[in-house]
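Each chain, written out:
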Amino acid sequence: MEKQQKSFKEKVLEVIFIGAQKYKQFFLDYEYQISLAGFSENKFYVISATKSNFLHLTGVNTNLTATQFFDKALNKTLSVDDFDFCKKGQTEKDVKGCVRSKMKILPDIEKILSDTTLVEEKFVKNKVSCTFAASENSFTLGFISVPKCRPKTLLKGNKLKNPCKIDSIKRRKKGGGKSSWNLS
């Protein structure tokens, strides 16, 4: 008997499940302090993500709240009926293309903060404006400060125009005190 091929939506759903697990382990369980002497706005930035930031990184549209979407993805109760590729001002084909590129890099999201990571303050790409962005070369993750930094956008490739090497990356369990920062 011939095995039925998975639909694009089913493939996207599988990657969202993987991405939600990695997002939780990397971004929800920990905070990160990024320092760079070349930062002009701040000496350092603290990355402290929330559940609601995950949806932005997938590129899909949903009627669920961003937090509901993440919870269902993490618990693997999200279904193909919970999201679509319809966005105002964009064709379905364009949205699918964007989602396709995000799905290729979402499973690698934990690689964003490494020894080879480059950053750029005041990052702008098309209509997206971020406090800073980080790239490990195969993808770029933009952050918005509110006042701690949250993931805002995920882009394929290195989109930094003026990249700088990070001086230090410190990590602590979320909710840890100021003295609990450890070098990553």
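Up top you'll find the structure we're talking about.
So, how was this worked out
Residues numbered from 1 in each chain as written. Predicted model: local features only at pLDDT ≥ 70, side-chain atom pairs only at ≥ 80, totals over all residues. Heavy atoms only, no water. Helix = DSSP H or I, 4+ residues; strand = E, 2+ residues; numbered from the N terminus. Rg over C-alpha atoms; globule rule 2.2 N^0.38 Å. Buried < 20%, exposed > 50% of the residue type's maximum accessible area, 1.4 Å probe, protein only. Contact = heavy atoms within 4.5 Å. Areas by Shrake-Rupley, 256 points an atom, 1.4 Å probe, with all protein chains shown as cover. Lys, Arg positive; Asp, Glu negative; His and termini not counted. Charge placed at Lys NZ, Arg CZ, Asp CG, Glu CD. Axes fitted to C-alpha atoms, helices over the stretch in contact; angles between N-to-C directions. Parallel < 35°, antiparallel > 145°, perpendicular 65-115°, else oblique. Nonpolar A, V, L, I, M, F, W, Y, C, P; charged D, E, K, R; others polar. Polar contact = N/O pair within 3.5 Å; in protein donor to acceptor, adjacent residues only side chain to side chain. Phe/Tyr/Trp six-rings, centres within 6.5 Å; stacked < 30°, edge-to-face > 60°. Salt bridge = Lys/Arg side-chain N within 4 Å of Asp/Glu carboxyl O. Pairing = 2+ DSSP bridges.

Peer 1: What is the right way to read the overall build of the chain from this model?
Peer 2: The number of helices and strands found in the chain is four helices and nine strands. Along its sequence from the N terminus, the chain presents helices and strands in the succession α-β-β-α-α-α-β-β-β-β-β-β-β. Radius of gyration (C-alpha) of the chain: 17 Å, near the 16 Å computed for a compact globule of 184 residues. Dimensions of the chain along its principal axes, counting C-alpha atoms only, are 60 × 35 × 30 Å. Counting only residues that meet the buried cut, the chain has 43% of its 184 residues in that class. Considering only contacts within the chain whose residues lie at least 6 apart along the sequence, 58% involve residues at least 24 apart. Of the roughly 10200 Å² that the chain leaves accessible, carbon and sulfur atoms contribute 50%. Positive and negative side-chain charges of the chain, numbering 34 and 19 respectively, have mean locations separated by a distance of 3 Å.

Peer 1: When you look at the packing of helix α1 (residues 8-28) against helix α3 (residues 66-74) in this model, what are you seeing that I'm missing?
Peer 2: How two helices pack is summed up by the angle between their axes together with the distance between the axes. Running from amino to carboxyl end, α1 crosses α3 at an angle of 105°, the nearest separation of the two axes being 8 Å. The orientation of α1 with respect to α3, classified from their angle, is roughly perpendicular. Taking contact as the criterion, the partners of I16, F17, A20, Q21, Y23, K24 and L28 in α1 are, on α3, F69, F70, K72, A73 and L74. In terms of residue class, the contact of α1 with α3 is built from nine nonpolar, one polar and two charged.

Peer 1: Is there a simple way to think about the side chain of T62 in this case?
Peer 2: Positionally, T62 belongs in the loop between α2 (54-58) and α3. Of the polar contacts made by the side chain of T62, one reaches the backbone nitrogen of L64; its length is 3.1 Å. Of the polar contacts made by the side chain of T62, one reaches the backbone oxygen of D82; its length is 2.6 Å. If sequence neighbours within four positions are ignored, T62 has contacts with L55, F69, D82 and F83.

Peer 1: In this structure, what is going on with the packing of aromatic side chains? I would like to understand it.
Peer 2: Given two aromatic rings, their pairing is described by the distance between the two centres and the angle made by the two planes. Within the structure shown, the criterion is met by 15 aromatic pairs. Relative to F85, the ring of F8 has its centre 5.3 Å away and its plane inclined at 45°; by these criteria the two rings are tilted. You can see F8 sitting in helix α1 and its partner F85 sitting in the loop between α3 and α4 (92-105), a full 77 residues away along the chain. Take F85: its relative accessible area is 4%, and that puts it in the buried class. Seen in terms of ring centroids, Y45 and F132 are 5.0 Å apart; in terms of plane orientation they differ by 25°. Their pairing is stacked. Of this pair, Y45 sits in strand β2 (residues 44-47) while F132 is found in strand β4 (residues 128-135), placing the two residues 87 residues apart along the sequence.

Peer 1: What is the right way to read the pattern of salt bridges from this model?
Peer 2: Any two side chains of opposite charge can pair, on the condition that their charged atoms come close. Within the structure shown, the criterion is met by 10 salt bridges. Linking E41 and K122 is a salt bridge whose minimum nitrogen-to-oxygen distance equals 3.0 Å. With E41 in the loop between β1 (30-35) and β2 and K122 in strand β3 (residues 118-125), this pair connects stretches of sequence that are 81 residues apart. In this structure K122 comes out as exposed when scored by relative accessible area, which is 52%. Of the charged contacts, one joins E92 and K96 as a salt bridge, the two residues approaching to 3.6 Å between their closest N and O atoms. Taken as a pair, E92 and K96 lie in helix α4 at a separation of four residues, close to a single helical turn. For E92, a relative accessible area of 41% puts it in the partly exposed group. Given a relative accessible area of 28%, K96 falls into the partly exposed group. Shared partners join several salt bridges into a network, and the residues in it are E31, K148 and R172.

Peer 1: Before we go on, may I ask you to explain the pairing of β1 in this structure?
Peer 2: Remember that side chains alternate between the two faces of the sheet whenever the strand is regular. Burial runs high along β1: six of the six residues are buried. Here β1 shows a buried face lined by Y30, Y32 and I34 and a second buried face lined by E31, Q33 and S35. Where β1 and strand β8 (residues 168-173) come together, six bridges link them in antiparallel fashion. Bridging from a neighbouring strand, Y32 pairs with R171 of β8.

Without other data, these values stay purely geometric and don't point to any function.
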